[in-house]
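Breakdown of the fold
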Amino acid sequence: MAEKKKACIVGGGTCKFGVRAATIFDMLQEAAHAMSQDIPGLKPKDIDGLIFASTTAGRNSNSLNTAPIVAHRLGIKPSSICVRVDTLCSGSNTAIILATGLIESGISDVVLVCGTEKLNLPQRWESIYMNLMTNDHDWDSAMGLAVPPPFFGMIADAHMKKYGTTKEQMGSVSVTNYAYGFNNPNAQFGGKSLTIDDYLNARTVCDPFGLNDCCPVTDGASAVIIASEERAKAMTNRPLVYIRGTGQVATHGMSAGWPGETLADWPHLKKAGEIAYKAAQITPKDIDVAQTHDCFSISEIVEVEELGFCKKGEGGAFVASGQVKVDGQTPTNTDGGLLAVGHPYGATGARQAVEICKQLQGRALNQVKNAKFGLTHNLSGVCAQHTVVIYGTEPVK
Amino acid sequence: MAELKSAKIYGVPQLDGKYSVVLDMWPLEDPEQNRLYPFYDNMKQGRWTTTKCKKCGYISYPPVVACPNCWGDELEWIDLPKTAKVVSLTETMAGAPLGFDSPLIVAWLGFDKSHPLKHLFVRIINCQAGQLKPGDEVQFVTFEVPSIPIDVKKETKICDRVYYAFEPVKK
C-alpha cells in the first residue's frame, strides 16, 4: 500500500466581511482574488478539486447544485472532486477535513476550499425566519428556536450558576477579541474598539447577553488552498504548514439528545479535541495559538475548558487573566474571532485557517512568537456538532 | 427608489394561493406525509407520547420509525409524564421569528429521574414575561397551528394541525 501523503495549507484569503452589497458569487471571487495575492503564482488551472461550503447558497442563488456554478465563476475545472458541503457554522472547516483525506489518499493534489454565506437578506425579517431551518425543524424549531442567542444565553446562565463565571469575565472575551480585530481590514468591526464599560452598558439582547456578547450578522467569503506536500513546496517559498490531526463529533440534532449533564458541559467538544490531539500527536499545552468558535462570549470560555487549555470551570478566570492574549498561555482568536470579524457560517472555518497559516508562517498581524502548533474549532448550530483541526510546522512523524 | 404602490404585485404572483409560505413553520402531521402521525393524533387527544422499542426497550425522543438503539422496527406508543421543572429560561422581548409572538419565552427543562427524558428545549406559552423562574413546575399543553392543504390523489385535503408547548402549573 502506498504511503499516506501529507496535506498542507498553502495560504488563502477572505473578502471584506460585513453587510455587503454583493452576491455570494461576487464575494467568492473577491476571496479567490485575495487568495491569489497570498499565493503568488497560483493559477486556476493548478487546482484539481473544489469543496465549497455554504448552508444558504440555495436560498441566495436560487440554485441547488451550486459547486459547479462556483467552479465556473472561479475559472476552475475540477477533475478529482467538485462538491458542496453543509455543516452550517463549521462548513469550510469540515471541507478542510475532507480535502485532507482526499490529498492523503492520493485522490486529489490541490484542493480549493472555499465558503460563503449571505445572511443579510433583502428583507430583515427573513434573516431571523431563515434561522428556523438551522435546527431540527419538526421539534426544536417549532418551539421557536431560530437565532441562537436565547439558547446560548441559557448556556451562559448554566455556566454562571455551576462555575461562578461572571459578566465581567464574559466581557473580557469581547474586549480582547475586538482589540485583536481592530487592525484586521476584513473584519466587520475592524477599527472598532471596545472597553469593558462600553460592554457593560450595551443594550440587552437577551439575558445575560448584551450586544457585544454576540457575533454580528455577517456576509462574507473565504478561500484556502489545501495541497499535497510536494505541490505545496512547488507553490510557495514560505514555511510549510501541515494538517496534523482532525476531529469531528456530532452527538445530537435535537435538544432531547444534549450530551452534557448541564448546558455548561460540552463533552462532544472534549471528545473532538481528544481525537484531534491524538491524531496530531500533541497535547493541549502544545497549542501555541487557537481560533475557537466565539459565536458568543460564553462560547470561548467553555471552549478553552473543553479543549484543555485550562481546567473545567476555570475558563472565565483563564480569559480574564489574559491567558488568551498574544503574550498569554494560549492566544485565542488572534484575528478578532467571530465576535469582531463576523460569522458568515460557511466562510468562518477557512477564515480561521488563513489566520493559523499566517501565524505558523510568522506573518500574522497579531503575531504570536515562535508559533509551531495551531488549532481551529467550530461548533455547528445550537452546539450540535464540533469540528477541530490541528496544524503544525512539522508533519506527524 | 420606486414608491410602493398597492396596485402593483410584488414577489412571485404565480404562486399566489398555492403556498402559504416558502418555509412551513410546522411539521407535516398527516398519514399521507409522515409515518409519525400517531404522535400528532395523540396530541389532538391531549396526550404527549413517544415510541418504545419492543425488542430492546429503548425509549426515544423524538419518536422514530426505527429504534436508534438497535434499529428494530417493532415499536409501541407510550405516554410521557407531562410535567417538568424549569432549569433555565430566556425571554425574547423583540425580534422573535415571524409567527412567534413577543415575548417569546423559551426554557430548558429538567425531568424527574423516572422520566424517559433528561432535558428538553421548549417554548412556554400562557405565561407573562417575568412570571416564570428556574425551579418552577410547568406542564405539557397543546394548541392549534395553521392547517395546510395537501394533494391526495385528485383531491386537495385540508390537514388540521396541532403542536405543543409547556405552560406554568397554577399554584
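Residues numbered from 1 in each chain as written. Chains lettered and ligands numbered in written order. Predicted model: local features only at pLDDT ≥ 70, side-chain atom pairs only at ≥ 80, totals over all residues.

With that settled, the discussion passes to the overall build of chain B. Looking only at helices and strands, chain B features one helix and eight strands. Sequence-ordered secondary structure for chain B, helices as α and strands as β, is α-β-β-β-β-β-β-β-β. Taken across its 171 residues, chain B has 23% of its residues classed as buried. Residue pairs in contact within chain B that sit at least 24 positions apart in sequence constitute 50% of those at least 6 positions apart. (Helix = DSSP H or I, 4+ residues; strand = E, 2+ residues; numbered from the N terminus. Buried ≥ 20, exposed ≤ 12 C-beta atoms within 10 Å, placed from the backbone. Contact = placed C-beta atoms within 7 Å.)

Turning to the overall build of chain A, a few remarks are in order. Each helix and strand counted, chain A has 14 helices and 11 strands in total. Considering only C-alpha atoms, chain A reaches an extent of 55 × 45 × 40 Å along its principal axes. Within chain A, residue pairs in contact and separated by at least 24 positions form 76% of the contacts whose partners lie at least 6 positions apart.

Moving on: the packing of helix H6 (residues 149-163) of chain A against helix H11 (residues 297-306) of chain A. For any two helices packed against each other, one specifies the crossing angle of their axes together with the interaxial distance. Residue and element names in this part refer to chain A. One can describe the packing of H6 onto H11 by two numbers: an axis separation of 9 Å at closest approach and a directional angle of 55°. Comparing their axes, H11 and H6 come out oblique. Considering the relative orientation of H6 and H11, their crossing is left-handed. Judged by residue contacts, Phe152, Ile155, Ala156 and His159 of H6 engage Ile298, Ser299, Ile301 and Val302 from H11. Class assignment for the residues of the contact of H6 with H11 results in six nonpolar, two polar and no charged. (Axes fitted to C-alpha atoms, helices over the stretch in contact; angles between N-to-C directions. Parallel < 35°, antiparallel > 145°, perpendicular 65-115°, else oblique. Left-handed = near helix turned anticlockwise from the far one by under 90°. Nonpolar A, V, L, I, M, F, W, Y, C, P; charged D, E, K, R; others polar.)

Bringing the interface of chain B and chain A into the picture now. Opposite the 25 residues of chain B that make contact, chain A presents 26 residues. Those elements that provide at least two residues to the side of chain B that touches chain A are strand S4 (83-92), strand S5 (104-110), strand S6 (119-124) and strand S8 (155-168) of chain B. With five residues, S6(B) is the largest single contributor of residues to the side of chain B that touches chain A. In the side of chain B that touches chain A, the residues fall into 19 nonpolar, five polar and one charged.

In this section: the nonpolar core. With 153 residues, the main nonpolar core has A:Val113, A:Ile226 and B:Ile124 as its most contacted residues. Counting residues domain by domain, this core receives three or more from each of domain 1 (7-123 + 219-235) and domain 2 (147-215 + 243-392) of chain A. (Core = buried A, V, L, I, M, F, W, Y, C linked by C-beta atoms within 7 Å. Domains from an automatic or database assignment.)

All names here are of chain A. Overall, mixed pairing links the nine strands, which are arranged S3-S2-S4-S7-S1-S8-S11-S10-S9 in an open sheet. Two strands bound the open sheet, and with one partner strand each, they are strand S3 (81-85) and strand S9 (289-291). In this sheet, neighbouring strand axes are inclined to one another by 25° on average, regardless of whether the strands run parallel or antiparallel. Here strand S2 (residues 49-53) pairs with strand S4 (residues 110-118) via five bridges, running parallel. (Pairing = 2+ DSSP bridges.)

Next up on the list: the sheet that holds strand S2 (residues 59-60) of chain B. Residues and elements named next belong to chain B. The strand order across the open sheet built from three strands is S2-S1-S3, with neighbouring strands paired in antiparallel fashion. Among the strands making up the open sheet, the edge pair consists of S2 and strand S3 (75-79). Pairing geometry for strand S1 (residues 49-53) and S2, over two bridges, is antiparallel. From the neighbouring strand, Lys52 faces S2, where its bridge partner is Ile59.

It is worth spelling out the confidence of the model for chain B at this point. Mean pLDDT for chain B: 89, with 87% of residues reaching 70 or above. Predicted complex, confidence summary: ipTM 0.91, pTM 0.95. (pLDDT = per-residue confidence, 0-100.)

Attention now goes to the domain arrangement of chain A. Residues and elements named next belong to chain A. For chain A, the assigned domains are domain 1 (7-123 + 219-235) and domain 2 (147-215 + 243-392). Summarising the inter-unit geometry, the C-alpha centres of domain 1 and domain 2 are found 23 Å apart. Facing 37 residues of domain 1, the contacting portion of domain 2 comprises 30 residues. Those elements giving two or more residues to the side of domain 1 that touches domain 2 turn out to be strand S1 (7-14), helix H4 (91-105), S4 and strand S7 (219-228). Partitioned by chemical class, the residues of the side of domain 1 that touches domain 2 number 16 nonpolar, 18 polar and three charged.

Looking now at the pairing of S8(B). Residues and elements named next belong to chain B. Across 13 bridges, the pairing between strand S7 (residues 137-152) and S8 is antiparallel. Bridge pairing in S8 links Glu144 to Val162. Between the end of S7 and the start of S8, which pair antiparallel, lie two residues, with Lys153 showing a positive phi angle near 55°.

Attention shifts here to the packing of helix H1 (residues 24-38) of chain A against helix H3 (residues 66-74) of chain A. All names here are of chain A. Axis separation between H1 and H3 bottoms out at 10 Å; the angle between their running directions is 50°. By the angle between their axes, H1 is oblique relative to H3. When the axes of H1 and H3 are compared, the crossing they make is right-handed. Residues Phe25, Leu28, Gln29 and Ala32 of H1 form the contact with H3, whose participating residues are Val70, Arg73 and Leu74. Here the contact of H1 with H3 is composed, by residue class, of five nonpolar, one polar and one charged.

Turning our eyes to something else, we now look at H3(A). All names here are of chain A. Restricting attention to buried positions, one finds in H3 the residues Thr66, Ala67, Val70 and Leu74. Buried residues of H3, viewed axially, fall in a sector of 105°; they line one side. Downstream of H3 by a residue or two, Gly75 has a phi angle that is positive, lying close to 75°. (Arc of directions from axis to C-beta.)

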